[in-house]
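As a plain string of letters, each chain reads:
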Amino acid sequence: IPIAPEGFKSGFVAIIGRPNVGKSTLMNQLVGQKIAITSPVAQTTRNRLQGILTTSEAQIIFVDTPGIHKPHHELGKVLVKNAQMAINAVDLVLLVADSSIEAGGGDRYIIDLLEETKTPVILGLNKSDQQPANFDPLDESYRQLAQFHQWPMVKFSALTGSGLDLLQSLLVEHLDPGPYYYPPDLVTDQPERFIMGELIREQILLLTRQEVPHSVAVVVENVEETPKLTRVFAAINVERNSQKGIIIGKNGSMLKAIGSAARQAIQKLIEGEVYLNLFVKVEPKWRQSRLRLAEFGYRV
Ligand code: GDP
Ligand code: K
Ligand code: MG
């Protein structure tokens, strides 16, 4: 890791917000690579995941967190606890909201959490591309919220990238001088294997029925590299036999579709040929078991 030049700034920024406001999409855009999976399904993100952005003037380590909501089971509790820990451990919080809808009750739970911390907050209004022309939340609910808490506010679209340069300079402005925490060319703290598993889970989220994805944990059990291709062996754990049936699909058609799309995503990630072998396991009530949560890679 090089020594930072005079005036170089660095720090950790937690990306916090309700499910589906675009936290993971934003982190991917900012670091310029797909390291976090995204989908229209809430609770797509389960693990704390760092994305690293290094420029000539600063290094920002983004901490992507699962969307915050009231927990209903052990997995949910672990997710909220990790988000709370992230808030207290970072230099800055980027609270992301969906600007295409008004500030509301869903944000309240998070704002209460933020009021308990001393970490400075910036309010980011995402999805500016989706905002109806006659509705400007900068003049409405969000501005009131930001003014009340004295939070700087910035509006952007994580999807199109518009406004992200402004966001980036605002973040740098609020960071203190500091060292490189990671080598300048690193974009995430996660091992490639973890991201491979996530890319498989992303296809399950996108392709299967609503109730199935939340019961899925993917574990990449083995990766073999040969001169020609990389072989990836991954287990898809579900909680019930019926879910196993859905994942496999008629004559294996669903598993085939998942595998084919995930294989392409993994090829993009590693920039090479991939052979992907998926198998489905039934692991009853894994979301209730701290032991299984840990085994499946969650910080419990
Ligand atoms: P997270 O749950 O907060 O991490 O949200 P995701 O990043 O998974 O995104 C949730 C959904 O919102 C996905 O379907 C994204 O494609 C979509 N999304 C994210 N950012 C934007 C944006 O700026 N504009 C629009 N139109 N959609 C977005
Ligand atoms: K999501
Ligand atoms: Mg996410």
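Residues numbered from 1 in each chain as written. Chains lettered and ligands numbered in written order. Predicted model: local features only at pLDDT ≥ 70, side-chain atom pairs only at ≥ 80, totals over all residues.

- Per an unreviewed UniProt entry, the protein is named GTPase Era, and its organism is Gloeothece citriformis.
- The UniProt entry for the protein carries the following text under Function (unreviewed entry): "An essential GTPase that binds both GDP and GTP, with rapid nucleotide exchange. Plays a role in 16S rRNA processing and 30S ribosomal subunit biogenesis and possibly also in cell cycle regulation and energy metabolism."
- Recorded in UniProt under Sequence similarities (unreviewed entry), the annotation for the protein is "Belongs to the TRAFAC class TrmE-Era-EngA-EngB-Septin-like GTPase superfamily. Era GTPase family." (UniProt positions renumbered as here; feature names shortened; annotations may be inferred.)

1. Looking at the pairing of strand E1 (residues 9-16)
Remember that side chains alternate between the two faces of the sheet whenever the strand is regular.
Part 1 of the argument: For E1, the tally of buried residues reaches 7 of 8 residues, placing the bulk of the element in the interior.
Part 2 of the argument: Relative to strand E3 (residues 58-64), E1 runs parallel, the two sharing 7 bridges. Paired with Ala 14 across the bridge in E3 is Val 63. (Buried ≥ 20, exposed ≤ 12 C-beta atoms within 10 Å, placed from the backbone. Helix = DSSP H or I, 4+ residues; strand = E, 2+ residues; numbered from the N terminus. Pairing = 2+ DSSP bridges.)

2. As for the environment of Glu 74
Part 1 of the argument: With respect to the helices and strands, the residue Glu 74 is situated in helix H2 (residues 74-89).
Part 2 of the argument: Leave out the neighbours within four places in its chain, and Glu 74 touches Arg 287, Gln 288, Arg 290 and Leu 293. (Contact = placed C-beta atoms within 7 Å.)

3. Brief notes about the sheet that holds strand E4 (residues 92-98)
Part 1 of the argument: Taken in spatial order, the 6 strands make up an open sheet running E2-E3-E1-E4-E5-E6, and their pairing is mixed. Strands at the two margins of the open sheet, each flanked by one partner only, are strand E2 (49-54) and strand E6 (153-155). When the angles between neighbouring strand axes are averaged without regard to direction, this sheet yields 25°.
Part 2 of the argument: Here E4 runs beside strand E5 (residues 121-126); their pairing, made up of 6 bridges, is parallel. Residue pairing across strands places Leu 95 opposite Leu 123, the latter belonging to E5.
Part 3 of the argument: In the packing of helix H1 (residues 23-31) onto the sheet, contacts are made with E1, E2, E3, E4 and E5, and the angle to E2 comes to roughly 30°. (Axes fitted to C-alpha atoms, helices over the stretch in contact; angles between N-to-C directions.)

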